[in-house]
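The chain contents come next:
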Amino acid sequence: MLTKEQNDRLTQTNKGTPCGELMRRYWQPVALVSEIPPDSRTPVPVTILGEELVVFRNAEGKLGCLELHCLHRSADLSYGFVDACGLRCLYHGWAYDIEGRCTDQPGLTSETFKNSIRAVAYPCIEVGGVVFAYMGPGDPPVLPRYGFGDVPEGYYVARKVYNDCNYLQGVDGEVDPHHVAFLHGQPGTDLFDADLSPTMTVESVSTGIRLTTVRKLPDGKEYVRHSNFIMPHIGSFTSDQYMTDGFSMHWHVPITDEAHWKYLIYFQRSAPLELPDHFEREVDEFNMLRRNRSNRYLQDRGQDGGVSRSGMGRYFQAHDAYATESQGPIQDRTREHLTAFDVAITRMRRCLNDAMDAVASGQDPQHVLRPPSDGTIPDLITDSAVVPAMA
Ligand code: FES
Ligand SMILES: [Fe+2]
């Protein structure tokens, strides 16, 4: 249980808030490359951490991320177009380069005035199907090498789904392995369902916390999983059904305090990755879940002959959306009652609070990497295996 002040501190991410300043110390996913592929010159409006932005490619195909509203009279730049001068506003034609410099003002001749105009601009990089922007002060950190950027195209898949709630509800779910069997379970058919009371240990690692979850199987063996909370809002875990190596990552990127994008990044090292059809089918062209709160997640308690406990189909993202969105736009954690099963949630929140303190005192927070680091993370272990029971 948190006080209202503690809950506010962890859930508010607009510029100037403690958690907003923390989030801005990390590269943030701002778009999928599929939304703005290399040959696209169509700007994409996005809202991240409460800031309205536009992501675009200039005439050379280089990515830019600017504040959304033109510095002339605030028209929305995402309606504009790209030409040799950069991103040009549709209202009166002011143009901006990817650094935010105003490069043209049709009909105006003062170079001094033009040079005084500077839009907010964030550096961008694209890795593993995702466009990342750095929205913080100073030099951007090194983007950690989780693995999805080190495999060939076709070996990774990047997607996103809209979640109509605060990001922290999503992160709470990432460090809560106990819900997997119950919420996502298909009774009697999977390893998770074999043991509804797994043991869990939590340890501190450079990225955040590592969870080791052990489930007892009917044949006496054990199903051991290592999953992680990675600062500041990421979960990593294996998806044994879909990949033999590599792992899955969920990034809970705040849009506003009451909504977030769940970026889903999957990769496999040994072979091209193929995901089941329902991953596509359950999401529309705007990255919205077809099962959502407005249609009660199309819950059908009799579906699959009762195989699925949730009655919400087989796509875990729909189940998670029900769980987290039904907690409210921002969960009132003054009313929660955590148990021993929720110990990782408490540890994760402590990581965030400690990191906010570090930022406030002028230090880099946990898991911000600087040169000479090349981004590799030796202590990130995300795996799973069925093993003989420990004596
Ligand atoms: S509002 Fe953009 S050029 Fe006038
Ligand atoms: Fe889940």
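This is a predicted model, so every value here is computed, not measured.

## Overview of the packing of aromatic side chains
Right, on to step 1. Scanning all chains against the criterion turns up 14 aromatic pairs.
Right, on to step 2. Seen in terms of ring centroids, Tyr146 and Phe148 are 6.4 Å apart; in terms of plane orientation they differ by 20 degrees. Their pairing is stacked.
Right, on to step 3. Of the residues examined, Tyr146 reaches a relative accessible area of 5% and is grouped as buried.
Right, on to step 4. Taken together, the ring pairs connect Phe132, Tyr146, Phe148 and Trp251 into an aromatic cluster.
Right, on to step 5. Taking NZ or CZ as reference, Lys160 lies 4.1 Å from the ring centre of Trp261, over its face.
Right, on to step 6. A cation over an aromatic ring shows up here: Arg309 above the ring of Phe182, its NZ or CZ 4.7 Å from the ring centre.

## Observations regarding the pairing of strand β10 (residues 124–127)
Right, on to step 1. The pairing of β10 with strand β11 (residues 130–134) spans 4 bridges and is antiparallel. Directly across from Ile125, in β11, lies its bridge partner Phe132.
Right, on to step 2. What sits between the antiparallel neighbours β10 and β11 is a turn of 2 residues, in which Gly128 has the positive phi angle 55 degrees.

## Description of the nonpolar core
Right, on to step 1. Judged by nonpolar contacts, the single largest core of 68 residues is most densely connected at Trp251 and Leu352.
Right, on to step 2. In this structure, this core is formed jointly by two domains, domain 1 (27–134) and domain 2 (148–388), each of which donates at least three residues.
Right, on to step 3. Excluding anything up to four places from it in sequence, Leu352 contacts Leu10, Leu22, Tyr167, Leu168, Phe229, Met231 and Pro232.
Right, on to step 4. Core analysis: the second largest hydrophobic core is formed by 16 residues, Phe56, Leu77, Trp94 and Tyr96 among them.

## A look at the coordination of the iron ion (ligand 2)
Right, on to step 1. Within the protein, the iron ion (ligand 2) binds to His179 (NE2), His184 (NE2), Asp320 (OD) and Asp320 (OD); these donor distances fall in the range 2.1 to 2.7 Å.
Right, on to step 2. Taken together, the 4 donor atoms coordinating the iron ion (ligand 2) and their angles of 52 to 152 degrees define a geometry best described as irregular.
Right, on to step 3. Written as a sequence motif, the donor arrangement for the iron ion (ligand 2) is H-x4-H-x135-D. Taken together, the positions of His179 in helix α5 (residues 178–184) and Asp320 in helix α7 (residues 316–325) put the pair 141 residues apart, joining distant regions of the chain.

## Details of the sheet that holds β11
By way of backbone hydrogen bonds, the strands of a sheet pair with one another, either parallel or antiparallel.
Right, on to step 1. Here we have 3 strands laid out as an open sheet, ordered β1-β11-β10, and antiparallel in their pairing. Edge positions in the open sheet fall to β1 (27–32) and β10, since each of these has one partner strand only. Across the sheet, the mean angle from the axis of one strand to that of its neighbour is 35 degrees, orientation sign disregarded.
Right, on to step 2. As defined by bridge partners, β1 adjoins β11 across 5 bridges and the pair is classed as antiparallel. Paired with Gln28 across the bridge in β11 is Ala133.

## Side note on the packing of helix α4 (residues 167–174) against helix α8 (residues 343–360)
Right, on to step 1. The geometry of α4 relative to α8 is characterised by a closest axis approach of 9 Å and an angle of 130 degrees between their N-to-C directions. Comparing their axes, α8 and α4 come out oblique. For the pair α4 and α8, the sense of crossing is right-handed. Mapping the contact onto sequence places Tyr167, Leu168, Val171 and Asp172 in α4 and Ile345, Met348, Arg349 and Leu352 in α8.

## What about the environment of Asn287?
Right, on to step 1. Residue position: Asn287 is located in the loop between α6 (278–281) and α7.
Right, on to step 2. Residue class for Asn287 comes out buried when judged on its relative accessible area of 14%.
Right, on to step 3. Along the chain, Asn287 and Arg159 lie 128 residues apart, while their C-alpha atoms are 8.0 Å from each other.
Right, on to step 4. Once you skip the residues sitting within four places of it in the chain, Asn287 turns out to touch Leu32, Glu35, Lys160, Val161, Tyr162 and Trp261.

## With respect to the environment of Asp150
Right, on to step 1. Considering the arrangement of structural elements, one finds Asp150 in the loop between β11 and β12 (156–163).
Right, on to step 2. Distance from Asp150 to Val127, taken between C-alpha atoms, is 8.9 Å for residues 23 residues apart in sequence.
Right, on to step 3. Separated by 3.4 Å, the side chains of Asp150 and Arg145 make a polar contact.

## Things to note about the environment of Tyr146
Right, on to step 1. Take Tyr146: it is sitting in the loop between β11 and β12.
Right, on to step 2. As for Tyr146 and Phe267, which are separated by 121 residues in sequence, their C-alpha atoms are 9.8 Å apart.
Right, on to step 3. Apart from residues no more than four positions distant in its own chain, Tyr146 is found in contact with Ile230, Ile234, Phe247, Met249, Trp251, Phe267, Arg269, His367, Ile377 and Leu380.
Right, on to step 4. Looking at Tyr146, its side chain comes within polar contact range of the side chain of His367, at 2.7 Å.

## Observations concerning α7
Right, on to step 1. Most of α7 is tucked away: 7 of the 10 residues are buried.
Right, on to step 2. Taken together, the buried positions of α7 are Gln317, Ala318, His319, Asp320, Ala321, Thr324 and Glu325.
Right, on to step 3. Considering only its buried residues, α7 is in contact with β12, α4, α5, β17 (248–256) and β18 (259–267).

## Details of the domain arrangement of the protein chain
Right, on to step 1. On domain assignment, one finds that the protein chain holds domain 1 (27–134) and domain 2 (148–388).
Right, on to step 2. On the domain 2 side, the residues contacting the 16 residues of domain 1 number 17 residues.
Right, on to step 3. Between domain 1 and domain 2, a total of about 1,200 Å² is buried, with carbon and sulfur atoms accounting for 67% of that surface.
Right, on to step 4. Its largest share of buried area at the contact with domain 2, domain 1 owes to Pro29, Leu32 and Gly128, together 36% of the area lost on that side.
Right, on to step 5. There are 1 salt bridge connecting domain 1 and domain 2.

## Remarks on the sheet that holds strand β4 (residues 63–67)
Right, on to step 1. Here we have 4 strands laid out as an open sheet, ordered β2-β3-β4-β9, and antiparallel in their pairing. Each of the sheet's edge strands pairs with one partner strand only, and the pair in question is β2 (44–48) and β9 (121–122).
Right, on to step 2. Relative to β9, β4 runs antiparallel, the two sharing 2 bridges. Following the sheet pairing, Cys65 is matched in β9 by Tyr122.

Cut-offs and rules
- Here, residues in each chain are numbered from 1, in the same order as that chain's written sequence.
- Just so you know, chain letters begin at A and ligand numbers begin at 1, following the order they were written in.
- Local features in this predicted model are restricted to residues of pLDDT 70 or higher, and side-chain atom pairs are both shown and tallied only at a pLDDT of 80 or more, whereas totals for entire chains, interfaces and linings draw on every residue.
- Calculation of side-chain values draws on the structure's entire complement of heavy atoms; hydrogens and water are dropped beforehand.
- Ring geometry is summarised as follows: Phe, Tyr and Trp rings, the Trp one being its six-membered ring, pair when their centres sit within 6.5 Å, and such pairs are stacked at plane angles under 30 degrees, edge-to-face over 60 and tilted between the two.
- Any residue under 20% of the maximum accessible area for its type is buried, any over 50% is exposed, and the rest in between are partly exposed; the area is computed with a 1.4 Å probe on protein chains only.
- Lysine NZ or arginine CZ positioned within 6 Å of the ring centre and within 35 degrees of the ring normal marks a charge as sitting over the ring.
- Two strands form a pair only when DSSP identifies at least two bridges running between them.
- Here a strand is any run of E in DSSP of at least two residues, a helix any run of H or I of at least four, and the numbering for each starts at the N terminus.
- Definition used in this section: a nonpolar core is a set of buried Ala, Val, Leu, Ile, Met, Phe, Trp, Tyr and Cys residues joined via side-chain atoms within 4.5 Å.
- Residue ranges for the domains trace back to a domain assignment, done automatically or taken from a database.
- Any two residues whose heavy atoms approach within 4.5 Å at even a single point are treated as in contact.
- Distances decide who is a donor: an N, O or S atom must be within 2.8 Å of the metal, or within 3.2 Å for Na, K and Ca. Water is not included, so sites may look incomplete.
- Working rule for geometry: tetrahedral if four donors all subtend angles between 85 and 135 degrees; square planar for four, octahedral for six, if opposite donors exceed 155 degrees and the others stay between 65 and 115; irregular in every other situation.
- To obtain each axis, a line is fitted to C-alpha atoms, and for helices this fit is confined to the stretch in contact; angles are then taken between N-to-C directions over 0 to 180 degrees.
- Roughly parallel covers angles under 35 degrees, roughly antiparallel covers those over 145, roughly perpendicular covers 65 to 115, and oblique covers all other angles.
- Each crossing is labelled by how the near helix is turned from the far one, with a counterclockwise turn of less than a right angle marking it left-handed and a clockwise turn marking it right-handed.
- Any pair of nitrogen or oxygen atoms within 3.5 Å is treated as a polar contact; in protein, a donor-acceptor pairing is required on top of that, and neighbouring residues in sequence qualify only through side-chain atoms on both sides.
- Accessible area, probed at 1.4 Å, shrinks when two parts are joined; the buried area is that loss added up over both.
- The working definition used for a salt bridge is a side-chain nitrogen of Lys or Arg within 4 Å of a carboxyl oxygen of Asp or Glu.

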